[in-house]
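Residues per chain, in single letters:
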Amino acid sequence: MNKTELKKQANEIRKGIVTAVHSAKSGHPGGSLSAADIYTYLYFEEMNIDPKDPKNADRDRFVLSKGHTAPGLYSTLAHRGFFPVEDLTTLRHTGSYLQGHPDMKHIPGVDMSSGSLGQGVSAAVGMAIGAKLSGADYRVYTLVGDGEIQEGQIWEAAMLAGFRKLDNLVVIVDNNNLQIDGPITEVNSPYPIDRKFEAFNFHVINIDGNDFDQIDAAFKEARATKGMPTAIIAKTVKGKGVSFMENQVGWHGAAPNDEQYAVAMKDLEKAGEA
Amino acid sequence: MAEKKKIATRESYGNALAELGKEHEDLVVLDADLAAATKTGVFKKAFPERHIDCGIAECNMIGVAAGLSTTGKVPFASSFAMFAAGRAFEQVRNSVGYPKLNVKIGATHAGISVGEDGASHQCNEDIALMRTIPGMVVINPSDDVEAKAAVKAAYEHQGPVYLRFGRLAVPVINDQADYHFELGKGVVLREGKDVAIIATGLPVANCLEAAEKLAEEGIEAKVINIHTIKPLDEELVVAAAKATGKVVTVEEHSIIGGLGSAVCDVLCEQAPTKVLKIGINDTFGESGPAVELVKKYGLDAESIYTKVKAFL
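Scope of this entry: the structure provided in the associated data block. Computed from a predicted structure; not experimentally measured.

Cut-offs used in this document
- Residues numbered from 1 in each chain as written.
- Chains lettered and ligands numbered in written order.
- Predicted model: local features only at pLDDT ≥ 70, side-chain atom pairs only at ≥ 80, totals over all residues.
- Helix = DSSP H or I, 4+ residues; strand = E, 2+ residues; numbered from the N terminus.
- Rg over C-alpha atoms; globule rule 2.2 N^0.38 Å.
- Buried ≥ 20, exposed ≤ 12 C-beta atoms within 10 Å, placed from the backbone.
- Contact = placed C-beta atoms within 7 Å.
- Pairing = 2+ DSSP bridges.
- Axes fitted to C-alpha atoms, helices over the stretch in contact; angles between N-to-C directions.
- Nonpolar A, V, L, I, M, F, W, Y, C, P; charged D, E, K, R; others polar.

1. Here's the deal with the overall build of chain A
At step 1: A tally of helices and strands in chain A yields 10 helices and seven strands.
At step 2: A compact globule built from 274 residues should have a C-alpha radius of gyration of about 19 Å, and chain A, at 17 Å, falls within 12% of that.
At step 3: Taking the principal axes of its C-alpha atoms as reference, chain A extends roughly 50 × 45 × 35 Å.
At step 4: Classification of the 274 residues of chain A by burial places 54% in the buried group.

Below you can see the structure in the form of structure tokens.
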């Protein structure tokens, strides 16, 4: 996909996110929207995956460590053909397979159950070690939140990844600067994030995570990096694409009402025409 | 009675892994800087490339095991019970239990028989924690023979398994030619009509000795060894309760949430019976030689004999 196609695809994924959360009357739009461009790039450009064969042993893997942004992952998987886009409106409904947080047992394309913050990088490290042990060449990607990296287990996993030189692993930090209690700099600042990962023997790339040129360059650089894992620190805008949600901490975990939903969809329609 | 050979079940764990590792290329072992103590060192020596030391980071180790299992490996994550079931409880619950991944947890140094290290390392809560996780199989073998069979059964079982091992050498009691281990099946070690002693792990041998003492006084105790606490052999437990009318449970674990509670859960619904729970009485342990602690906390043959007699 070229940059224009990726942008259009990301916009459709954003519509799916807003629609799913509106339908669920709960969920996490802010961090789903901030990472929508990264999701789009991973599933439409970067990863070797097949929606018709979601369990293929040689596929690339993705672990959504910041599992509360499941609407972002689900919308991406649906638009990529893993399950019907219409099902997004069943998110969080009783009996739906689209659980509030990723459930690998029931959702095609979900490689790891997650949601309890801090645990996804460990699972991704396990997958990357599994590839090395088997001599397989699949790659493993994991997306963490910038608030999430306050969890100590993230650094336990990072230490092992760096030590074992897992160059088939890419950790992406969705650096949207907001967490539930406020800006990360006011709650418990994890900065400098890049130097922390460098200290854990990662190759670190800082990018604008809502810019496809920079996203593209970063993943290519990660792929070319040998002998160490890569961390992509992606500066993003929380709520990206929906005017009244952008950079608003209140939209971390709240659903739009009907009126707000209409405004959000109008914003995204307009962006799609641009 | 001739002196029986004694082996700690943690030794059995390491030896069984080294043995199984020869046949199964997909078996990998993880440790958190305790390979020398969990006895997985034998496996590490034989298959260094399949041994992953995660350093002192048990929560990460459980997550790494979860990830490995999704790639088709069969990971045995090893640490002390305190850290595997205690510290990493939520990782076991969410990263292993919820997705029902094929991860085996080898937890050594369970119970007060850790000895001199004291209360901080004596985990008397792990069975309670692990058996609340849906789909988790919980095994607490009583000797070397059973422990080795349990490791093999855990490997063959598809899904999460918690294996509980001890630090202290315990007598080999299952070295019969016709010994057969079946997941979820209790074993009647001694027949008796007056009381059913249902035990697990380290004190099983002591229960047999206590039953002999009781027999000298004309009290016939049925002794059942429950190696699999979950799924529990409900049929056997209910039948024993109905046949004897009195049940005593014995475990090297808190009387809250362990085998005693599991047995009571079943009996209160299916065959209400008076039950005496022998175990660690809602208290922390302490430092001391393991054998002395087993006695002090009432899990030796003499203490069991005295308590059962008083109960009848």
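That was the structure; now back to the text.
2. Topic: the overall build of chain B
At step 1: Helix and strand counts for chain B come out as 13 helices and 14 strands.
At step 2: A compact globule built from 312 residues would reach a C-alpha radius of gyration of about 20 Å, and chain B, at 18 Å, matches this within 12%.
At step 3: Dimensions along the principal axes, computed over C-alpha positions, put chain B at roughly 55 × 40 × 40 Å.
At step 4: Expressed as a percentage of its 312 residues, the buried residues of chain B come to 59%.
At step 5: Within chain B, counting contacts between residues at least 6 apart in sequence, those at least 24 apart form 79% of the total.

3. Some details on the sheet that holds strand β13 (residues 246-254) of chain B
All names here are of chain B.
At step 1: The strand order across the open sheet built from five strands is β9-β11-β10-β13-β14, with neighbouring strands paired in mixed fashion. Lying at the two open borders of the sheet, with one neighbouring strand each, are β9 (187-190) and β14 (274-280). Ignoring which end each strand starts from, the neighbouring axes of this sheet average 25° apart.
At step 2: Both strand β10 (residues 195-199) and strand β11 (residues 221-225) contribute to a ladder of five bridges, which runs parallel.

4. Notes on the interface of chain B and chain A
At step 1: Taken together, the 23 residues of chain B in the interface contact 23 residues of chain A.
At step 2: Mapped onto the side of chain B that touches chain A, the elements with two or more residues apiece are α4 (58-70) and α6 (89-97) of chain B.
At step 3: A total of nine residues in the side of chain B that touches chain A trace back to one element, the largest contributor, which is α4 of chain B.
At step 4: Residues of the side of chain B that touches chain A, tallied by class, amount to 11 nonpolar, nine polar and three charged.

Function cannot be read off these values alone, since they describe shape.
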